[in-house]
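So you can see what is in the structure, the chains are spelled out below.
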Amino acid sequence: MSAAIETSGVHIASSVRTDAPPAIVLDKVNKWYGALHVLRDVDLQVALGERVVVCGPSGSGKSTMIRCINRLETHQEGRILVDGIQLSDDLRALDAIRRDVGMVFQSFNLFPHLTILENCTLAPIWVRKMPKKQAEELAMEYLTRVRIPEQAKKYPGQLSGGQQQRVAIARALCMKPKIMLFDEPTSALDPEMIKEVLDTMVMLAAEGMTMICVTHEMGFARQVADRVVFMDRGEVVESGTPDQVFNDPKTERLKLFLSQILRGH
Amino acid sequence: MSDITLNAATATPEATPRNPPVATTGPIAWVRANLFSGWLSTAVTLVLAYFIVKAIIGVIDWAFINAIWTVPVNANGVAQTQACRDLHGTGACWAVIAEKHRFMLFGTYPYDEHWRPAIVCLLFIGLYIVSAMRRFWTWVLIPIWAATLTVIGILMWGGIFGLTYVPQERWGGLPITLILATFGLAFAFPLSILVALGRRSSLPAIKVICVLYVELIRGVPLISLLFMASVMFPLFLPEGMNIDKLLRAQIAIILFAGAYLAEVVRGGLQALPKGQYEAADAMGLSYWQKTGFIILPQALRLVIPPLVNTFIGFFKDTSLVLIIGIFDLLTAGKTAIVEPSWQGFGVEVYVFVGLIYLAFCFAMSKYSQGLEAELNRHRRR
């Protein structure tokens, strides 16, 4: 496991595009679940090509925040802009945003009644209006890239957890998104399988994909992240490069969190 | 990269597997374990076996050995049923079936034209069989249904192609049951899916309408709905416009079944993990794409048992149209023994009618088991 936040490799070269407008902007975002204030004045900007890792204790609002980005959750105050388009109740804008934002879930959420290939080709065929043959070739290409092309005709129930998560990543990639959101992708996996999924994500990062990743895998953060954002109780407490956040924590809360992570391993 | 599906068994060879000992598997072992596993179990088995054998012998005696299969008919066409009455209780009088089966099956339909409703019944059965085969689950099913139902309509009504016209009041028996059940469930099922989706809609108007529909319909008995359809409906129609009784009964059955099925489907929609909805949303699928490709296929698979349960129940509920004077299979059976010479042979009539219902309902039940097993193959590893 990632004890003492060792790195599993050389830090991936940065691919941040400063010339393009920011991919994601969160501007004073507030969200309540009933009376519970779960996101407090969250400000975040993610540039195109930037890789952001969000960490924090459970209940800190990390998952809620990234689920607001593709409007799986709605925010009550503040603005969220994805690729320049503001998130609101406008359905067409929402469809445009969701087409370009891919999401990978903690519980994989593969469609169990469809084969792996059908899982991957469903959205390209029906949302991007791709012809079936082209969609299948695309799907096989991505399944090969995540190293499970031989499983294409199987059903998700027949695959291991690590394989299912890699299929989920391939499925999201088949839509050729500009931004990838990862909501604790390895939290439901056995230690042996975590590595195969993280390797896939590192490969993705090396290709310059804009990504926001909520994770507890600090080794991954060290290797891949351009920026680490620490959240606690709904607020962004600290953010900076992995070096700054892990080696030079400024706030007490971050220091407490880091000590717990280190002690836990 | 390690492939986790390679399991450990192939990595290290073990001892070759042996066959299990004979005494613990196979039919003899089952009997020993379940029927004769101890003194109490053996005693219960023997007592139950005695009663079961006695009952079976009794039924065989009554139904076959002592039964009378035909009775003589005198010069006036009245059946001489004295022999049957003497045997009452010890032997079945299947002669009533032999005499009256055409009335029970086809009601007051003209005697010479009975071949038409007979073909109609066979067409319905054929339609069920074709619709059941997964091979036909494509758009081709719609024209098949449309064509078959048109032919059924032509055969029952007549008036064209040289067939004599038979007004709807004379229809009866099995065709009426099948018409009411088939049209009823064929329209109620899509209606129920729409209502179930509507109840979960975020648009308040749609949600309220669907909730009202379900709660109002579920709040009244089917009989009262049939009464309302038959008596009140014409009051609301403009002068001179008349919807015939069968159609009114049909609409009532569709609305009633739709409400119950809607709740069953809604159960399935709720049982689906939220992650499925979220993954479909995150991929940018529209509402109908999500519902049609992801949600409904899974939700309906989940609720096949209660769905088929409701279907079977409604198939038999069609017998309630007796209340508004429509002759379905059960009513025709009852009416067959109103005649003085055949009075009192209700048991044989109800056994006959019951067997017909049983045939259809059991077929539905068996089919649903097969369907469940086939559709859930993806869940088996």
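Residues numbered from 1 in each chain as written. Chains lettered and ligands numbered in written order. Predicted model: local features only at pLDDT ≥ 70, side-chain atom pairs only at ≥ 80, totals over all residues. Heavy atoms only, no water.

Things to note about the layout of surface pockets
Which parts of space are left empty comes out when a probe the size of a water molecule is rolled across the atoms. Size it by volume and the largest pocket reaches roughly 2300 Å³. Lining the largest pocket are 45 residues, and of these Ser131, Trp137, Phe189, Tyr367 and Leu371 of chain B sit closest to its centre. Residue assignment for the lining of the largest pocket shows that the elements contributing at least two residues are helix H5 (115–132), helix H6 (141–157), helix H7 (174–199), helix H12 (287–302), helix H13 (304–317) and helix H15 (346–375) of chain B. Broken down by element, the residue count for the lining of the largest pocket peaks at nine residues, all from H15 of chain B. Computed from the structure, the second largest pocket encloses a volume of approximately 1200 Å³. Surrounding the second largest pocket, 31 residues form its lining, Arg200, Ser202, Asp281, Tyr287 and Lys290 of chain B being those nearest its centre. Elements with a minimum of two residues in the lining of the second largest pocket: helix H2 (91–100) of chain A together with H7, helix H11 (274–282) and H12 of chain B. The element that contributes the greatest number of residues to the lining of the second largest pocket is H12 of chain B, accounting for five residues. Split by residue class, the lining of the second largest pocket holds 13 nonpolar, seven polar and eleven charged. (1 Å grid on protein atoms, 1.4 Å probe; cavity = no way out; pocket = protein on both sides within 12 Å on 5 of 7 lines; lining within 4 Å. Points joined across faces, edges and corners; volume = space filled by probe spheres on them. Helix = DSSP H or I, 4+ residues; strand = E, 2+ residues; numbered from the N terminus. Nonpolar A, V, L, I, M, F, W, Y, C, P; charged D, E, K, R; others polar.)

Points about the packing of H12 of chain B against H13 of chain B
All names here are of chain B. H13 packs onto H12 with a crossing angle of 70 degrees between their chain directions and a minimal axis gap of 5 Å. Considering their axes alone, H12 and H13 lie roughly perpendicular with respect to each other. The residues of H13 that touch H12, namely those facing Leu300, Arg301 and Leu302, are Ile304, Pro305 and Leu307. Tallied by class, the residues present in the contact of H12 with H13 amount to five nonpolar, no polar and one charged. (Axes fitted to C-alpha atoms, helices over the stretch in contact; angles between N-to-C directions. Parallel < 35°, antiparallel > 145°, perpendicular 65-115°, else oblique. Contact = heavy atoms within 4.5 Å.)

A look at the packing of aromatic side chains
Per the stated rule, a full pass over the model turns up 16 aromatic pairs over all chains. Here the aromatic rings of Phe315 of chain B and Phe360 of chain B are separated by 5.4 Å at their centres, their planes lie at 35 degrees, and the arrangement is tilted. Highlighted residues: Phe315 of chain B in helix H13 and Phe360 of chain B in helix H15, separated in sequence by 45 residues. The pair formed by Phe315 of chain B and Phe360 of chain B is uniform in burial state, with each residue classed as buried. Grouped by ring-pair contacts, the aromatic residues Trp62, Trp69 and Trp94 of chain B constitute a single cluster. The ring of Phe111 of chain A carries the charged tip of Arg171 of chain A above its face, separated from the ring centre by 4.6 Å. Sitting over the face of the ring of Tyr111 of chain B, Arg102 of chain B holds its NZ or CZ atom 4.1 Å from the ring centroid. (Phe/Tyr/Trp six-rings, centres within 6.5 Å; stacked < 30°, edge-to-face > 60°. Buried < 20%, exposed > 50% of the residue type's maximum accessible area, 1.4 Å probe, protein only. Lys NZ or Arg CZ within 6 Å of the ring centre and 35° of its normal.)

Remarks on the pattern of salt bridges
What the rule picks out here adds up to 30 salt bridges over all chains. The residue Arg253 of chain A makes a salt bridge to Glu235 of chain A at a minimum N-O spacing of 3.2 Å. Separated by 18 residues along the polypeptide, Arg253 of chain A in helix H9 (residues 252–264) and Glu235 of chain A in strand S10 (residues 235–240) bring together distant segments of the chain. Judged by relative accessible area, which is 31%, Glu235 of chain A ranks as partly exposed. Sharing partners across several salt bridges, the network here consists of Arg199, Glu215, Arg218, Glu263 and Arg266 of chain B. (Salt bridge = Lys/Arg side-chain N within 4 Å of Asp/Glu carboxyl O.)

Notes on helix H9 (residues 222–236) of chain B
The α-helix advances 3.6 residues per turn, and as a result positions three or four apart in sequence lie on the same side. All names here are of chain B. Given a rise of 1.5 Å per residue, 15 residues ought to cover 21 Å, and the 20 Å separating the end C-alpha atoms of H9 matches this to within 8%. Roughly 35 degrees is the biggest bend found in H9, and it falls at Ala229. Every buried residue of H9 is listed here: Leu222, Leu225, Leu226, Ala229 and Ser230. Residues of H9 that are buried in the fold lie against helix H8 (204–218), helix H10 (245–271) and H13. (Expected span 1.5 Å × (residues − 1). Bend = angle between axes of the 7 residues up to and from the residue.)

Considerations on the sheet that holds strand S8 (residues 210–214) of chain A
Residues and elements named next belong to chain A. Pairing within the open sheet is mixed, and its six strands lie in the order S6-S7-S8-S3-S9-S10. Because the sheet does not close on itself, it has two edges, and the strands there are strand S6 (101–104) and S10. Recorded for the sheet is a direction-independent mean angle of 20 degrees between the axes of neighbouring strands. Bridge count between strand S9 (residues 227–232) and S10: five bridges; the pairing is antiparallel. (Pairing = 2+ DSSP bridges.)

Focus on the nonpolar core
Grouped together as the largest cluster of nonpolar side chains are 131 residues, with contacts concentrated most on Leu26 and Met65 of chain A together with Leu269 and Trp342 of chain B. Listed in part, the 53 residues of the second largest apolar core include Ile148, Ala152, Ala172 and Val202 of chain A. (Core = buried A, V, L, I, M, F, W, Y, C linked by side-chain atoms within 4.5 Å.)

Observations regarding a nonpolar patch on the surface
Together, Leu40, Val44, Leu48, Ile52, Ile56, Ile60, Phe64, Ile65 and Trp69 of chain B make up a nonpolar patch on the protein surface, roughly 940 Å² of accessible area in all. By the element assignment, Leu48 of chain B lies in helix H2 (residues 39–65). (Patch = residues over 30% accessible without salt bridge, like charges linked within 9 Å, V, L, I, M, F, W, Y side chains within 5 Å. Areas by Shrake-Rupley, 256 points an atom, 1.4 Å probe, with all protein chains shown as cover.)

Some remarks on the interface of chain A and chain B
The figure often quoted for interface size is the accessible area lost as the parts come together. Listed as interface residues are 33 residues of chain A and, on the opposing side, 25 residues of chain B. Interface area for chain A against chain B, summed over the two sides, is near 2500 Å², with a carbon-plus-sulfur share of 60%. In terms of surface lost to chain B, no three residues of chain A exceed Arg98, Phe111 and His113 of chain A, which account for 22% of the buried area on that side. Between Arg67 of chain A and Glu278 of chain B there is a salt bridge, with its nearest N and O atoms 2.6 Å apart. Inspection of the chain A/chain B interface yields six residue pairs in polar contact (both at pLDDT 80 or more). For the side of chain A that touches chain B, the elements supplying multiple residues, two or more each, are H2, S6, helix H3 (116–126), helix H5 (161–173) and helix H6 (191–206) of chain A. A class-by-class count of the residues in the side of chain A that touches chain B yields 16 nonpolar, eight polar and nine charged. (Buried area = accessible area lost by both parts, 1.4 Å probe. Polar contact = N/O pair within 3.5 Å; in protein donor to acceptor, adjacent residues only side chain to side chain.)

Digging into the pairing of S9 of chain A
Counting buried positions along S9 of chain A gives six out of six residues, so the element sits mostly inside the fold. Across the two faces of S9 of chain A the burial is the same, with Arg227, Val229 and Met231 of chain A and Val228, Phe230 and Asp232 of chain A all buried.

Here we look at unusual backbone geometry
All names here are of chain A. Positioned with a positive phi, Phe108 is a non-glycine residue whose angle comes to about 60 degrees. Structurally, Phe108 is set in the loop between S6 and H3. Notably, Glu184 is not glycine yet its phi reads approximately 50 degrees, a positive angle. Relative to the elements of secondary structure, Glu184 occurs in the loop between strand S7 (179–183) and H6. Residue class for Glu184 comes out buried when judged on its relative accessible area of 12%.

Brief notes about the side chain of Glu73 of chain A
Residue and element names in this part refer to chain A. Tracing the backbone through its elements, the reader meets Glu73 in the loop between helix H1 (62–69) and strand S4 (77–82). Given the relative accessible area of 12%, Glu73 is considered buried. Within the structure, the side chain of Glu73 is placed 3.1 Å from the side chain of Tyr33, a separation counted as a polar contact. Within the structure, the side chain of Glu73 is placed 3.1 Å from the side chain of Arg67, a separation counted as a polar contact. Those residues within four positions of Glu73 in sequence are excluded, and the remaining contacts are Lys31, Tyr33, Thr64, Arg67 and Cys68.

Re H5 of chain A
Between the first and last C-alpha of H5 of chain A there are 18 Å, a value that for 13 residues agrees with the 18 Å anticipated at 1.5 Å per step. Of all 13 residues in H5 of chain A, 13 are buried, a share of seventy percent or more.

Looking at the side chain of His114 of chain B
Residue and element names in this part refer to chain B. Along the chain, His114 turns up in the loop between helix H4 (95–106) and H5. A relative accessible area of 4% means that His114 is categorised as buried. In terms of polar contacts, His114 uses its side chain to reach the backbone carbonyl oxygen of Tyr109, at 3.1 Å. Those residues in contact with His114 that lie beyond four places of it in its chain are Arg102, Phe106 and Tyr109.

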